[in-house]
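Overview (structure and organization)
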Amino acid sequence: MESANHFERKLSQIMDSGSSTHENDPVKRQKENNEGEDRISKLPDCIISRTTKEAVRTSVLSKEWINNWRSITSLHLDDIDMVYGRTKHIEHECFERFMYRSLLLTNSRLDNFSLSIHDHHDMFNLNEWIYGALRKFPKKLCIKSQRKLSFAFSTAHSLFTSQSLQELEIYMSYCYANITVPRSRVHLGQLKFLTLHEVKFSCSDKDPELSLPLLQKIKTVNCIWLGVRCVTFNVPLLETIDITQHTNSSWLEGNCKIKFRALHLKEFCLCDYGYLSSYLTMIDPSSAQNASATLILPPYERGVSSTVEHGALELLKQFSQVRYLKFGGPDVLAQEVILLPEFGMLRHLELDSVTGEFLLALLLKTPILNTLVVERLKSEYYKALLKSAVVPDCLRHTLQVVNFRDVCGDKHELHFAKFFMEKGSVLKRMSFSLSHLFVKSEAIEELEQKLSGLKKCLTSTIVEVLKEDYYNSW
């Protein structure tokens, strides 16, 4: 390939320009400093460092170690390490030489390669370094950059066709990495862990498929697919999906659907502040059976489109068979409460700020719920609502633990506390975690007094006010 030939020529140029002095210096210093027996060379191999910095440093201590650094299996390179008070031009030239020489002189195979970029570098050189690292068949590849990064076609092709990578991490800060996915079907046969932070993907194929047969975990933050209708991840062994999306407009412009074809999902986490929930699909929802799900949906806003509401509802339906559910931002479904699915397997439920109407509607859909945690109960008048409310089956038969957090001791909270105490036939523990604004001893005593009158209807239930400031995990 043209890129491979250029890489070899560049390496040759670097070596020719730097071989006259640099390679011989360590040997010369060793001969000058050693008089008699070289005792350092007899030290056990197990103490020789295999990290890039330490391996190079220790190579000057003994003639037996001169070439040891070349056999390292992990190469970690950071351009910030090359700053020694030189001018910018010299810094870049020094780092460029070091990069090419490292890729040429180290072992033909690397287990681990990481590159951290903080300064501006020629985009061509960046691609050459990543491409050169991929030619050494690394098991783990980690790229971190605070500068713009665009993958050339040859680099992207080598990345998406790698049969050695088991772990891939790309972290971008304050900018995006632009990667074009090859039109042919992507197949990363050995990849097990995938982490992507702010990456923009594009593809000439409107419906690309990514085959990752051994992938176990995928984590993405603010990743975008542009010019694509639907991307499908074929991930039969996938156990964990962790997606965070803060950006909004880019997703809505592309309307790209994201589909996962998984069989053994154990954990699904979506922190969505950009309405991505409207475009995510589990091809086989039964794959999430017995899994745990965390769904943090965007807060409800007036004028939110019915498409967003419907999309959020459809996503929730896909996880109707989970045993553990942490659900934030339920107000986005304020108009769709009657359409909530039944969670027949759900044992543990955690809710963010929620209205009493939504809470009761959801409890009616959780017949075997055992534990309920409510982060914050919104202030409304609930006395009439609770008086005519249908008692959920879980309150009668299965609900044993209830925890209200961020409590202020207001009337609406006491109305719900009374409702749970009176209707909770098998309730064993009910706790109230005070808001951080009300953690003084006087507030605790006041709330305990308000609850004391409600305890009379209970026999074996423990009712407590947590005196420590409860950590808000949302």
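Residues numbered from 1 in each chain as written. Predicted model: local features only at pLDDT ≥ 70, side-chain atom pairs only at ≥ 80, totals over all residues. Heavy atoms only, no water.

Phe 113, Phe 260, Leu 372 and Phe 420 are the most contacted members of the largest nonpolar core, which totals 117 residues. Looking at which element gives the most residues to this core, the answer is helix H12 (residues 411–423), with 6 residues. Excluding residues that lie within four positions of it along the chain, Phe 260 makes contacts with Ile 218, Phe 233, Val 235, Leu 238, Ile 241, Ile 243, Leu 280, Thr 281, Met 282 and Ile 283. (Core = buried A, V, L, I, M, F, W, Y, C linked by side-chain atoms within 4.5 Å. Buried < 20%, exposed > 50% of the residue type's maximum accessible area, 1.4 Å probe, protein only. Helix = DSSP H or I, 4+ residues; strand = E, 2+ residues; numbered from the N terminus. Contact = heavy atoms within 4.5 Å.)

Moving on: the pattern of salt bridges. For the coordinates displayed, the defined rule picks out 10 salt bridges. With a shortest N-O distance of 2.9 Å, Arg 429 and Glu 464 are connected by a salt bridge. Of this pair, Arg 429 sits in strand S23 (residues 429–434) while Glu 464 is found in strand S24 (residues 462–466), placing the two residues 35 residues apart along the sequence. In the salt-bridge network here, residues are joined through shared partners; they are Lys 140, Glu 167 and Glu 169. (Salt bridge = Lys/Arg side-chain N within 4 Å of Asp/Glu carboxyl O.)

In the contact formed by helix H9 (residues 356–363) and H12, the axes pass within 12 Å of each other and the chain directions differ by 20°. Looking at the two axes, H9 sits roughly parallel to H12. Here H9 and H12 pass one another in a crossing that is right-handed. Residues Gly 356, Leu 359, Leu 360 and Leu 363 of H9 form the contact with H12, whose participating residues are Phe 416, Phe 419 and Phe 420. Looking at the contact of H9 with H12 residue by residue, the class counts come to 6 nonpolar, 1 polar and no charged. (Axes fitted to C-alpha atoms, helices over the stretch in contact; angles between N-to-C directions. Parallel < 35°, antiparallel > 145°, perpendicular 65-115°, else oblique. Left-handed = near helix turned anticlockwise from the far one by under 90°. Nonpolar A, V, L, I, M, F, W, Y, C, P; charged D, E, K, R; others polar.)

Our focus in this paragraph is the packing of aromatic side chains. Tallying each qualifying case throughout the model produces 9 aromatic pairs. Relative to Phe 358, the ring of Phe 327 lies with its centre 6.2 Å away and its plane at 45°, an arrangement referred to as tilted. Separated by 31 residues along the polypeptide, Phe 327 in strand S19 (residues 324–328) and Phe 358 in helix H9 bring together distant segments of the chain. Here Phe 327 falls in the buried class, since its relative accessible area comes to 1%. Ring centres of Phe 404 and Phe 420 lie 5.7 Å apart, and the angle between their planes is 80°; on these two criteria the pair is classed as edge-to-face. Linking Phe 404 in strand S22 (residues 401–407) with Phe 420 in helix H12, this pair joins segments that are 16 residues apart in sequence. Of the two residues, Phe 404 and Phe 420, both sit in the buried class. Here the aromatic residues Phe 404, Phe 416, Phe 419, Phe 420 and Phe 432 are joined through ring pairs into a cluster of three or more. Stacked on the ring of Tyr 171, the Lys or Arg Lys 144 has its end atom at 5.5 Å from the ring centre. Above the face of the Tyr 176 ring, Lys 200 is positioned so that its terminal group lies 4.9 Å from the ring centre. (Phe/Tyr/Trp six-rings, centres within 6.5 Å; stacked < 30°, edge-to-face > 60°. Lys NZ or Arg CZ within 6 Å of the ring centre and 35° of its normal.)

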